[in-house]
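# Structural overview
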Amino acid sequence: MTATRTEIFSAGIVEAGLGTVTREIPAGEPPPWPPNAELTWIGKDVPRLNGRDKVTGATRYTVDVRLPGMLHARFLRCPLPSAELRKLDTAAATALDGARAVIALARPGDRLRYAGQPVAAVAALSPGVAAEALAAIDAEFRPLPFVVDMDEARAPDAPLVYDEASAPKGNPSGFPAAPGLPVVGNVRGPAVVRRGDPAQGFAAADIVVEGEYRTQVQTHSCLEPHAIVADWRADGLTVYMSTQFTSGVRQELAALFGLPLNRVRVVVDGMGGGFGSKSQLGVYGRTAVELSRLAGLPVRLALDRHEEQIDAGNRPGTFQRMRLGAKRDGTLTALAIESHGTAGVALGAGIGFFAERIYTCPNFETLQHDVFVNAGPGCAMRGPGNTPGAYGLEQAIDTLSERLGLDPLALRDRIDPSKARREERRIGAERIGWSRRHKPGADPGAVKRGMGVAQSLWMSNVQTNVACEVRVLRDGSVEALSSVQDIGTGIGTVMAQVVAEVLGLRPGDITVRIGDTEFPPGGPSYGSRTTASITPPLRTAATRVLAELGREAARMLNAAPEELEAREGRIRVKSDPGRSLAFRDAAALLRTDRISAVESRADDYPGFRRRMPDAAMAHEDLGGVQFAEVAVDTETGAIRVERVVAVHDCGRPINRLLLESQVQGGVLMGVSYALLERRVMDRRTGLMVNADLEHYKLAGVHDTPEIEVVILENLQGNSATDAYGIAEPANIATAPAIANAVYNAIGVRLTSLPMTPDVVLAALGKTGRS
Amino acid sequence: MYDFEYLKPKALAEAASILAGDGDAKALAGGMTFIPVLKQRLNKPSKVVDLAALGLSGIKVSGETVEIGAMTTHATVAASADVKRAIPALAKLAGNIGDEAVRHRGTIGGSLANNDPSACYPAAVLAMGATIVTNKRRIEADNYFQGMFATALEQGEVITSVVFPVPAKAAYMKFANPASRYAMVGVFVAKGPKGTRVAVTGAGQNGVFRHKAMEEALAKNWSADAVAGVKTPADGLNSDIHASAEYRAHLVGVMAKRAVAAAG
Ligand SMILES: Cc1cc2nc3c(=O)[nH]c(=O)nc-3n(C[C@H](O)[C@H](O)[C@H](O)COP(=O)(O)OP(=O)(O)OC[C@H]3O[C@@H](n4cnc5c(N)ncnc54)[C@H](O)[C@@H]3O)c2cc1C
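Quantities reported herein were computed from a predicted structural model and do not represent experimental measurements.

Definitions and cut-offs
- Throughout this document, residue positions are counted from 1 along each chain, in the order its sequence is written.
- All chains are assigned letters beginning with A, and all ligands numbers beginning with 1, in the order in which they are written.
- pLDDT decides what is reported in this predicted model: residues at 70 or higher carry local features, side-chain atom pairs at 80 or more are listed and counted, and totals for whole chains, interfaces and linings draw on all residues regardless.
- Numbering of helices and strands runs from the N terminus, with a helix taken as a DSSP run of H or I at least four residues long and a strand as a DSSP run of E at least two residues long.
- Using C-alpha atoms as the atom set, the radius of gyration is obtained and then compared with a globule rule of 2.2 Å times the number of residues to the power 0.38.
- Here a residue counts as buried when 20 or more other C-beta atoms fall within 10 Å of its C-beta, as exposed when 12 or fewer do, and as partly exposed in between; the C-beta atoms come from the backbone.
- What counts as a contact here is a pair of residues whose C-beta atoms, placed from the backbone, lie within 7 Å.
- Here, nearness means that the C-beta atom of a residue, built from backbone geometry, sits within 6 Å of the molecule or strand in question.
- When residue character is reported, Ala, Val, Leu, Ile, Met, Phe, Trp, Tyr, Cys and Pro are called nonpolar, Asp, Glu, Lys and Arg charged, and the others, Gly included, polar.
- Note on definitions: a nonpolar core is a set of buried residues drawn from Ala, Val, Leu, Ile, Met, Phe, Trp, Tyr and Cys, linked by C-beta atoms within 7 Å.
- Domain segmentation is taken from an automatic or database assignment of domains.
- One requirement defines pairing of two strands: DSSP has to find at least two bridges between them.

## Some details on the overall build of chain B
In terms of helices and strands, chain B carries twelve helices and twelve strands. In summary, chain B has a C-alpha radius of gyration of 18 Å against a globular reference of 18 Å for 264 residues, a match within 12%. Taken over the C-alpha atoms alone, chain B extends approximately 55 × 45 × 30 Å along its principal axes. Counting only residues that meet the buried cut, chain B has 50% of its 264 residues in that class. Restricting the contact set of chain B to residue pairs at least 6 apart, pairs at least 24 apart contribute 62%.

## Things to note about the site of the ligand
All names here are of chain B. In the vicinity of the ligand lie 32 residues, with G30, G98, G109, G110 and A113 positioned nearest. Those elements that provide at least two residues to the shell around the ligand are β2 (26–28), α6 (100–105) and α7 (108–114). For the shell around the ligand, the element with the most residues is α7, which contributes five residues. Per-class residue counts for the shell around the ligand are 17 nonpolar, twelve polar and three charged.

## Thoughts on unusual backbone geometry
A negative phi angle characterises most non-glycine residues, just as the trans form characterises most peptide bonds. All names here are of chain A. Going from G189 to P190, the amide bond is cis rather than trans, its omega being 5°. Positionally, P190 belongs in strand β10 (residues 187–195). Backbone torsion omega between L753 and P754 reads -10°, so that peptide bond is classified as cis. Take P754: it is sitting in the loop between α18 (734–746) and α19 (757–763). A positive phi angle, near 65°, is found at D614, a position not held by glycine. Within the secondary structure layout, D614 lies in the loop between β30 (610–612) and β31 (615–617).

## With respect to the nonpolar core
With 222 residues, the main nonpolar core has V499, I738 and V742 of chain A together with A124, V187, V189 and A259 of chain B as its most contacted residues. The next biggest cluster of nonpolar side chains, apart from the first, holds 87 residues, and it includes A153, V249, V267 and A302 of chain A.

## Re the domain arrangement of chain B
Under the domain assignment used here, chain B contains domain 1 (1–50) and domain 2 (169–263). For domain 1 of chain B versus domain 2 of chain B, the separation of C-alpha centres amounts to 34 Å.

## Quick notes on the sheet that holds strand β9 (residues 169–176) of chain B
Residues and elements named next belong to chain B. The strand order across the open sheet formed by four strands is β9-β10-β11-β12, and the pairing between neighbours is antiparallel. If you trace the sheet from one side to the other, it starts and ends with β9 and β12 (209–210), each paired once. Pairing of strand β11 (residues 195–201) with β12, which is carried by two bridges, proceeds in the antiparallel orientation. By the bridge assignment, A199 is partnered in β12 with R210.

## Topic: the pairing of β9 of chain B
All names here are of chain B. Most of β9 is tucked away: seven of the eight residues are buried. Pairing analysis gives eight bridges linking β9 to strand β10 (residues 183–192), with the strands arranged antiparallel. When the bridges of β10 are listed, K169 appears paired with K191. Between the end of β9 and the start of β10, which pair antiparallel, lie six residues, with R181 showing a positive phi angle near 75°.

## Re the domain arrangement of chain A
Residues and elements named next belong to chain A. Taken domain by domain, chain A consists of domain 1 (419–459 + 620–770) and domain 2 (461–615). Here the C-alpha centroids of domain 1 and domain 2 sit 38 Å apart. In this complex, domain 1 contributes 18 residues to the contact, which on the side of domain 2 involves 19 residues. Its residues placed into classes, the side of domain 1 that touches domain 2 shows ten nonpolar, seven polar and one charged.

## Brief notes about the environment of L42 of chain B
Position of L42 of chain B relative to the elements: it lies in the loop between α2 (34–39) and β3 (47–50). Placed 109 residues apart in sequence, L42 of chain B and T151 of chain B show a C-alpha to C-alpha distance of 19 Å.

## Some thoughts on the sheet that holds strand β35 (residues 714–715) of chain A
Residues and elements named next belong to chain A. Sheet architecture is open: three strands sit in the order β2-β1-β35, paired in antiparallel fashion. Two strands close off the open sheet at either side, each with one partner strand: β2 (19–26) and β35. Bridging between strand β1 (residues 4–13) and β35 involves two bridges; their strand directions are antiparallel. Bridge pairing links I13 to N714 in β35.

Right under this line is the structure:
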């Protein structure tokens, strides 16, 4: 048993009034932090420390990495949605002047299951020669029947994407899929979650609401493509990769190539987005390393935009059938959902745990199915499952509130147990001016305005296998190190704030070194867990280094180490601040060039709700409530989102500027999902029609609403920093909030995404459906 | 891109003779369409003849006409005080083409030679009854457009300018493709020396066309209500991933109504 001690923590939502909670914590943990108002850097608007590098173009992204002698790699991809590889002759490609390595990724006789599936790869002196080498590969494909539409794939006579034996058992992106489910035709499942007795619940209901909702396939569309530069050498492998998880990729590489971990290094500097699609090594990563091994030279492999659209992951499309039973006062008696979703040739197309967890409902059932189609594999994408799931359920709740004659906020006050969301509804309603909201379709004129609300829910994830190091050098400079990567959220700045807070320095005084497996293993940047995982051990490490420095300073100041504090760049005696030493002068007393402390993530103080290998889930889920105001042109069908108020919680906010920027990004991605983005597959050819960014439209500056962000300070005394994440919750509520606002504007409910102008007009009965 | 020879002649006659003498030679204006076509290897020209040094850019306004040189960029037209005064609808149309980069490279000559079925200028040219001037002849708008990406231009024929008769009333309304800003549907209405005319772009399977039913309605009664009552059949209109023919037919009505209202 480790020694423990008892501490009293501030707890509750600062905006709604604080209480305390008493916790027994490991003896080595730092003392509780007070609310942010009493802290110097935590919770403050500290601008991104690497912001200047980003806007001036100095940031080095993986695509910018150039190594001496570096080769350029490209894929030969299957041109058909379903085919048997008849012949693959790479002799001419290998013989081509300038080609350095050619590998086959499929064998004659193999079944290829989507257009874009890699078949072979080459590495050559230039991208041009690589293209020529690809053209020199003699490959023959025998076309096979295919199906790219989910509804068609469910038909009993649909061409089979897999037979039972070959069907995948899990999801290649690491997003969990329930194991051991039956596969019938192209349909796998159902994965069942049940509690209580739904039939009885519906029998007891005064009102039953039914609805069908459809969501589209969305591609990740990272601005920086998937890219890797692999450098295989006799003494070890170095990989520069745009990745959300340096340590994870290192482990994958070591296992795959039979290398000890200490011979594999993974590096990432700047990252231009990942959103879940850069969580693993992937086929492209593995291929680049293999080509480098064969050629004995560094190999660069970066996907182009077309490849990004067809084979770099996507958010699965879904079809959801929903039934909701309630008492007249709003109390839910039953909720039953059946969903079918498609992640192409992969699994993981469910609607998440949103409905399971968000509202109090004793009788509950979800049946979730995966449907295979001949399209590129889906993978986790910002709030996977819950984002499409919320689109359905939050509209059903809106419908229920209308049927009950209750305000949607009042209904949620009755059925939503979350204290944070209650406060978020209150604040958001005030900010958006909810009292101005009119009856559905009541706005006169051709352009109708409306207001809607929807809620968010995500897990408070924690990576438990996380470490970091803090060093103080003899000149007083400070370094913080971890292999954790900055996916674009600004985690380096957050780390500098935490260390600066402890050491009494400024964030700019801390040099943060991250994105390199030479440093202590940081966690992944997915599942909204980075801040929650890295900041507690970082604070502990900084506290330990300070204690060591304090011992030297104490001698000089004729005080006991416990009497000292670090503030404003000085180490001083708490009771007599005049007795002090500059931090730098204290460091000069060190007997070695540097001191350092390495710390790993401790468990949350009240334990975890659930523990998984290397990861865990905290007790309280993350919330969030978003309000949208829209203008719908009922003559053209165009929807404009004019304003979004997003109120969120993430435990203790560490940096409000960065949090706001995360929420803005989440909202913008949600607007894009709601109104614009859609992967279009041609049923006749099985190819993606809009595999670019011209016909696949992302929201841009013209489509951006005014976004107002409010972040609660929700203290629980759960860890040394009490911080959790925000990236995913920020994305989940946007599309349903817009859909509910559109309903409020025009009085007609749209039940499929994206809500394009032609869909709006068809719903208004002005034209047929396209 | 395939290999080609790049030429930048200084005289129109020289450019024309290179283009006339070699069936695989192609003219280059701002390259906004042509360069992507080359990059995608959809075209394999022997020679690329840059028209930039022929002095084909500029705007001349007389009392009754506005003449715009073929190499004049959309940005220049949009910013021209003369055009804004004479045909404000034309300046506005130019200012809403694509994005800033496209407007600074793309030209009126390139747009008309290309005759993209979703381009904006063809609607203006057809609705105002403009004249396309080439190195060989003058072509009336009604004879110029011959279906999508097809025109009356012959091999080696170079557009030098476009002459617009100044209308009494004119306006253009487009429902833009959310990404490119090309017209999903664009309607240009004009009342001028060439009559009361309505041209529709972005919608027709054969490119820009005149909407005779709306023209008749407007000739009788120039008002938004007059066109609002005219139904546009969906037959012959485009269906693609952006919109169905039926939706486009509906938009033609909405855009026409709004254009007439804007024209005053
Ligand atoms: C992203 C994007 C968005 C766009 N949005 C719009 C829009 O909203 N509305 C719109 O109307 N257009 C739009 N365009 C089209 C654009 O405005 C240009 O008009 C068009 O691309 C032609 O470009 P260019 O003038 O550079 O001609 P080029 O691309 O250089 O040439 C086009 C063709 O015309 C021929 N040609 C050029 N000049 C002449 C001449 N003087 N005589 C004979 N033949 C000639 C060339 O040989 C070539 O075949 C868009 C284009 C892009 C790339």
